[in-house]
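# Observations on the model geometry
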Amino acid sequence: MIMELTTLEQHALLAIVALQPSAYGISIQDHIARNAGYEPSVGSIYASLDRLEDKGFVRSKQGEATRERGGRRKLYFSVTAPGQRALRESLKAMHSLSLAAGWKEAVA
Amino acid sequence: MSDKKGSQQDKKIVRRYTTKEKAIAAAKILHRESIVEFQRRVTMLDENLDRAPETSVKCSDVTSDVVERTHIIWSGICISAEEAKSPEPPQFAEFCLSLFLSGAKREALIGCLSERFERDCERYGAERARNMYWGAAIRSFWPLLRRGAARAFKWGVVVESVRRFSDRTREQAKQPRLSDPGIATADTC
C-alpha cells in the first residue's frame, strides 16, 4: 500500500483527527488556516480528501442538509486505521528527518 | 412661484412612484418567504395614498404629507425587500465546479462554498461575498482539474489494459494450436 502523504494530506488528516466527529470541508479548512497559518482552497481540500478516500485512509458519511448550505448535505470525514497508520509513519519520518538534520531545538 | 414649486414636487412624486413600483416589483420577487407581510405593507401603503390597491394615482391626488408617509413606507419596503433577499452565489461558478467532482462530494463542495458565501455575506455584504466566491472557485479549479485528470488517466489506463487483454485473448483464440489434429508437425512428417 502507498503510504506517502503530501503536506496537505498530512494536514487534512491531522485536522480530521482533531475535529472528529464533525470534520467536513469548511471546518477542516478553518482548522488548517487557524493552526498551520495558510488557507488551502476548498477545492484542494476536496481533491486531497478524494485521493485519501481512494487510498482507503479516510471514510466519508453524508450528514444533514442546512439552510445556509442551500439545502445541500455535509460530508463528514473520519480517519480509518490504515489512515492513522500512514499518518503516524509520515510524522515519524518527518521527525526522524528533522532530527537527522540537527533541527531538534528548532522543532521542539 | 408656489405653482412652480408644486409642479417640481409633483415631478418628485412621479419619480417616487416609479421607485415605488420598482420597489414593489423587487419586493414581489424577493419577498418569497413572507408574502403575507409584503401584502400587508402594500395595503398599508395604498391606504396611506387613499387609493384602491394597484390603481394609478394622479399627482394632484397626493398631498405632501402623504408623500412623506409614503416615502417612509417605500423605504420600509425597500429595506425589508433587501433584508428578505437572500443573495445567491454565482451560478456559473457553481456549474464550473460541479464538473470536476461527482455525487456526494460535488454536493458537499458546492454546499461548503455556499456556507462560506453565506458567512461572507453577513460579514462583508453580498457584492464582496460574490467576488470572494469567485476567488475561491478559481483557486479550486486547478486542484480539482488535476484530480479529475488523474482519475480520468487512471480509468484510461484500466480501459486500455482491458482492451489490450481482450485483443490478445482474441488473437490467441484465432491462432491454430499445435495439438490440433489438422496440423502436421516436423515429427509426424
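Residues numbered from 1 in each chain as written. Chains lettered and ligands numbered in written order. Predicted model: local features only at pLDDT ≥ 70, side-chain atom pairs only at ≥ 80, totals over all residues. Heavy atoms only, no water.

### Looking at the overall build of chain A
For the record, the criterion: Segments assigned H or I by DSSP are reported as helices when at least four residues long, segments assigned E as strands when at least two residues long, and all are numbered from the N terminus. Throughout this description, buried means an accessible area under 20% of the type-specific maximum (1.4 Å probe, protein chains only), exposed means over 50%, and partly exposed covers the range between. By the convention used here, residues are in contact when the closest approach between their heavy atoms is within 4.5 Å. Areas reported here follow the Shrake-Rupley algorithm with a probe of radius 1.4 Å; residue values treat only the protein chains shown as occluding.
For chain A, the helix and strand inventory stands at five helices and two strands. Beginning at the N terminus, the succession of helices and strands in chain A can be written as α-α-α-β-β-α-α. Looking at chain A as a whole, 43% of its 108 residues are labelled buried. In chain A, the proportion of contacts linking residues at least 24 apart, taken out of those at least 6 apart, comes to 52%. Of the roughly 5,700 Å² of accessible surface on chain A, 56% is carried by carbon and sulfur atoms.

### Some thoughts on unusual backbone geometry
Across the chain, the bulk of peptide bonds are trans and the bulk of non-glycine residues have phi less than zero. The amide bond that connects A:Gln20 to the next residue, A:Pro21, takes the cis arrangement and shows omega of 10°. Along the chain, A:Pro21 turns up in the loop between helix 1 (7–19) and helix 2 (25–36).

### Examining helix 4 (residues 81–100) of chain A
All names here are of chain A. Let me state the cut-off plainly: To estimate the expected span of a helix, subtract one from its residue number and multiply by 1.5 Å. Note that the arc is computed from the directions linking the helix axis to the C-beta atoms.
Look at helix 4: 28 Å from first C-alpha to last across 20 residues, which is about the 28 Å you get at 1.5 Å a residue. Buried within helix 4 we find Gly83, Ala86, Leu87, Ser90 and Ser98. Angular distribution of buried residues about the axis of helix 4 spans 105°; they occupy a single face of the element. Exposed and oriented more than 90 degrees from the buried face of helix 4 are Ala81, Arg88, Lys92 and Ala100. Just downstream of helix 4 lies Gly102, where phi reads positive at about 75°.

### Regarding the interface of chain A and chain B
Quick note on the threshold: Note: buried area is the sum, over both parts, of the accessible area (probe 1.4 Å) each one loses when the two are combined. Definition used for salt bridges: Asp or Glu carboxyl oxygen within 4 Å of a side-chain nitrogen of Lys or Arg. Any pair of nitrogen or oxygen atoms within 3.5 Å is treated as a polar contact; in protein, a donor-acceptor pairing is required on top of that, and neighbouring residues in sequence qualify only through side-chain atoms on both sides.
Opposite the 26 residues of chain A that make contact, chain B presents 23 residues. Summing both partners gives a buried area of about 2,300 Å² for chain A against chain B, and 51% of it is carried by carbon and sulfur. The largest share of the area that chain A buries against chain B comes from A:Tyr46, A:Asp50 and A:Arg72, three residues that together contribute 24% of it. At the junction of chain A and chain B, the tally comes to eleven salt bridges. Its salt-bridge partner being A:Asp54, residue B:Arg151 comes within 3.8 Å of it at the nearest N-O pair. Summed over the shared surface of chain A and chain B, the number is 17 residue pairs in polar contact (both at pLDDT 80 or more). For the side of chain A that touches chain B, the secondary structure elements donating two or more residues are helix 2, helix 3 (42–55) and strand 2 (73–79) of chain A.

### A short note on the confidence of the model for chain B
Residue and element names in this part refer to chain B. Note the threshold: pLDDT expresses, on a scale from 0 to 100, how confident the predictor is about each individual residue.
Counting all residues, the mean pLDDT for chain B is 67, and 47% of those residues have values of 70 or more. When mean pLDDT is taken per element in chain B, helix 5 (residues 103–124) scores highest with 89 and helix 1 (residues 2–30) scores lowest with 49. Here residues 9–19 is modelled with pLDDT under 50, and outside its nearest four sequence neighbours on either side it reaches 14 contacts, counting other chains as well. Throughout residues 29–35 the model reports pLDDT below 50, and contacts reaching past four residues in sequence, or to other chains, amount to ten contacts. Both scores are given for the predicted complex: the pTM is 0.62, the ipTM 0.85.

### Some remarks on the packing of aromatic side chains
Residue and element names in this part refer to chain A. As a reminder of what qualifies: Only rings of Phe, Tyr and Trp enter the pairing, Trp through its six-membered ring, and a pair is recorded when the two centres are within 6.5 Å. The plane angle decides the type: under 30 degrees is stacked, over 60 is edge-to-face, the rest tilted. Counting as a charge over the ring demands two things of the Lys NZ or Arg CZ atom: a distance within 6 Å of the ring centre and an angle within 35 degrees of the ring normal.
All chains considered together, the criterion is met by six aromatic pairs over all chains. Geometrically, the ring pair formed by Tyr24 and Tyr76 is edge-to-face, given 6.0 Å between the ring centres and 80° between the ring planes. One end of the pair, Tyr24, is in the loop between helix 1 and helix 2; the other, Tyr76, is in strand 2, with 52 residues separating them in the sequence. Note on Tyr24: relative accessible area 9%, which makes it buried. Judged by centre distance (6.4 Å) and plane angle (70°), the rings of Tyr46 and Phe77 are edge-to-face. Placement of the pair is Tyr46 in helix 3 and Phe77 in strand 2, with a sequence separation of 31 residues. Residue Phe77 is classed as buried on the basis of its relative accessible area, which comes to 1%. If you follow Lys74 out to its NZ or CZ, it ends over the ring of Tyr24, 4.3 Å from the centre.

### Examining the pattern of salt bridges
Scanning all chains against the criterion turns up 17 salt bridges over all chains. With a closest N to O distance of 3.0 Å, B:Arg147 and A:Asp50 form a salt bridge. Taken together, the residues B:Arg147 in helix 6 (residues 126–174) and A:Asp50 in helix 3 connect one chain to another. Owing to a relative accessible area of 9%, B:Arg147 belongs among the buried residues under this scheme. Taking the shortest distance from any N to any O, the salt bridge between B:Arg130 and B:Glu127 comes out at 3.8 Å. Pair noted here: B:Arg130 and B:Glu127 are both in helix 6, with a separation of three residues, about one helical turn. According to the relative accessible area criterion, B:Glu127 is exposed, its value standing at 54%. Each of A:Asp50, A:Glu53, A:Asp54, B:Lys105, B:Arg147 and B:Arg151 takes part in salt bridges that share partners, so that together they form one network.

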